[in-house]
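What follows is each chain in one-letter form.
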Amino acid sequence: MGRKTSPSLALITIAVFLVSAAAAAARDPELEICRQQCKIQTAFDKGQRESCYTKCELYSREKARREQEEEEEEGRRSSEEREDDSPFVFRPRHFLTAHSSERGRLSVLQRFSERSSDIFQVIEPFRLGVLEVEPKTFAIPNHLDADLLCVVASGKGIVNMIEENKRVNFNITEGEMVVIPAGATTYLINPEDDRKLVVVKLIRTISAQPGRFEYFFGSMVMNAFSSSIREAAYSDADRETLEKVLNRSGRKQDPFLAISNEQIESIIRRQEDEDGIGWPFVADKSSKRRRIVDILEHKSISNKFGELYEVGNEEFDDVQISFANITKGGMLGPLFNTRGTKLMFVVEGEGWMEMATADESRRSPRRGSSSERGPSFEGVRARLFPGTVVITPAGHPYANVASRARNLKLLCFHVNARNNEKVALAGKDNVFTRLDRVAEEIAFGGSRKEVEQVFGSNSDYQLFFKGPSREPEEDGGHAAV
């Protein structure tokens, strides 16, 4: 037999409900209007009226939930806008669309000098680009007035390149790097059925205006010439054929075109005839091997909190390329580069970064100021998600942290990095453990035992460590330190 509810308890329950409903109505006038509409419906019996009240309550709660989500989204956008106050952080919206269609997209990050001509003067000749090619798509022949260092972020592709009147073809896959020199005509195919090909490009401009470059698509460029020039250049073709070929390509102003399975197979067979190998293949000819480097074959540091891969390149001898895979909940750094300026592109995952930089207000002494001015630094902090780019100048300490949900994958180009070294500020072989005893005590104001207790932490790990237990509170992307 069930326990009976006392009248006093029932009255208390009803009173609590009425107070809660009244409070909700006070917060949401629409709820009170809805309840009034339920009340005046003469056709409703008691059960229908109660059901109507319940629907009003559910609508009010759903409305409050949506409003809360909108407030949180607005807060996130505001936080991101505050982070964008830092010249070191670029978001996907800072990429300019150079060419786009339903089959592909080429985006280029704005010139670094547009953010800060002083800070980024050393990397002004460089740009970052992202090429996205949909499955079964052909990127038409083109050349640039710039050198390209390309890294495949995801997917597979077939590249054909014509240089010094020789055609070289090779396959590229995730983690591989390929160099395409200025003026080399290339075309590319994504032969996959359902996977997009994504290539991140470091663009080294060679024009008189650093940071400026152009893509020249052969079939389109020829239409810029007068008909008399075209007829003289291709004199073996009659005018009708010439106009048919060039005008057809000219009408289709799209660098990304669909390609059939039969056409892909024909190209692959041609490669098989030339190389004696099929798809997928790894060419072993020197002309190809010097072009392709598998970054993932060059692991330099690895522990349970992350992995680091590093390579160089003969044709970009002042650029180092690295790929960091930070385990979820892990952290890379703090550390700094002695010479290289790091251009970091977030490939996958989420997290945040922090960097120490000189306080802008104290970056240079004020004329006529006689007051004492000690060194002052501030922290740059930003959320990381795919497509985010962060620039870390040489000498600037930084740390990258992966979220607890998934790994954080970072592709980095270190520019002007000849003789560059990574200097650890924590963990194994960190620079502070190399100081002599007197220097430690003077610099840090503690006993040697205390200093060693701090800087001897994580001595079993190099560069990668367990990350913070909580994320820092939002503070507009900057924190004075």
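As shown above, the structure is provided for reference.
Here the residue numbering is sequential within each chain, running from 1 through the sequence in written order. Per-residue local features are limited, in this predicted model, to residues with pLDDT of at least 70; the limit for side-chain atom pairs, both in listing and counting, is 80 or more; totals at the level of whole chains, interfaces and linings are taken over all residues. By convention in this description, side-chain values take in all heavy atoms of the structure and omit both hydrogens and water.

(A) Geometry of the sheet that holds strand β15 (residues 299-303). Here a strand pair is declared whenever DSSP counts at least two bridges between the two strands. Counting from the N terminus, the helices are DSSP H or I runs at least four residues long and the strands are E runs at least two residues long. Taking strand neighbours across the sheet as the criterion, the 7 strands line up as β1-β22-β19-β24-β17-β16-β15 in an open arrangement whose pairing is antiparallel. Every interior strand has two partners, whereas the edge strands, β1 (89-90) and β15, have only one. The pairing of strand β19 (residues 341-348) with strand β24 (residues 408-415) spans 7 bridges and is antiparallel. The residue bridging Val-346 from the neighbouring strand is Leu-410, located in β24.

(B) Region of the structure containing the pairing of β19. With a 1.4 Å probe rolled over the protein chains alone, any residue whose accessible area is under 20% of its type maximum counts as buried; one over 50% counts as exposed, and the rest are partly exposed. Of all the 8 residues making up β19, 6 are buried; the element is thus mostly covered by neighbouring parts of the structure. Sheet topology places β19 next to strand β22 (residues 389-392); 4 bridges connect them, and they run antiparallel. The residue bridging Leu-343 from the neighbouring strand is Ile-391, located in β22.

(C) Summary view of the pattern of salt bridges. Whenever Lys or Arg places a side-chain nitrogen within 4 Å of a carboxyl oxygen from Asp or Glu, that contact is recorded as a salt bridge. Enumeration over the complete set of coordinates arrives at 20 salt bridges. For Glu-348, the salt bridge goes to Arg-406, with nearest N and O atoms at 3.4 Å. In this pair, Glu-348 is assigned in strand β19 and Arg-406 in the loop between β23 (398-402) and β24, connecting sequence segments 58 residues apart. The exposure class assigned to Arg-406 is partly exposed, which follows from its relative accessible area of 42%. Of the charged contacts, one joins Arg-434 and Asp-429 as a salt bridge, the two residues approaching to 2.9 Å between their closest N and O atoms. Under the relative-accessibility criterion, Asp-429 is labelled partly exposed at 43%. Among the charged side chains, a network of salt bridges with common partners joins Glu-62, Arg-65 and Arg-66.

(D) Up close: the state of the cysteines. Note on disulfides: each one is a pair of cysteine sulfur atoms within 2.5 Å. The final tally for this structure, using the stated rule, is 2 disulfides. Each disulfide pairs two cysteine sulfurs, and for Cys-38 the partner residue is Cys-52, the sulfurs being separated by 1.8 Å. As the torsion about the S-S bond is roughly -70°, the Cys-38-Cys-52 disulfide counts as left-handed. One end of the pair, Cys-38, is in helix α2 (residues 29-39); the other, Cys-52, is in helix α3 (residues 46-83), with 14 residues separating them in the sequence. The pair formed by Cys-38 and Cys-52 is uniform in burial state, with each residue classed as buried. Sequence-ordered numbering of the bonded cysteines in the protein chain yields a pairing of 1-4, 2-3.

(E) View of the nonpolar core. Ranked by internal contacts, the top residues of the largest apolar core, which has 58 residues, are Leu-149, Leu-202, Ile-321, Leu-343 and Phe-413. In terms of residue count, β24 provides more of this core than any other element does, 6 residues in total. If you count residues domain by domain, this core takes at least three from each of domain 1 (93-292) and domain 2 (298-359 + 389-466). Contacts between residues were defined by any pair of non-hydrogen atoms, one from each residue, lying within 4.5 Å. Dropping the residues within four chain positions of it, Leu-343 is found in contact with Phe-112, Ile-123, Leu-128, Leu-202, Val-390, Ile-391, Leu-411, Cys-412, Phe-413 and Val-415. Among the nonpolar cores identified, the runner-up in size contains 36 residues, and Val-168, Ile-172, Val-178 and Val-199 belong to it. We call a set of buried residues a nonpolar core when its members are Ala, Val, Leu, Ile, Met, Phe, Trp, Tyr or Cys and they connect through side-chain atoms within 4.5 Å of each other. In this document the domain limits rely on a domain assignment from an automatic tool or a database.

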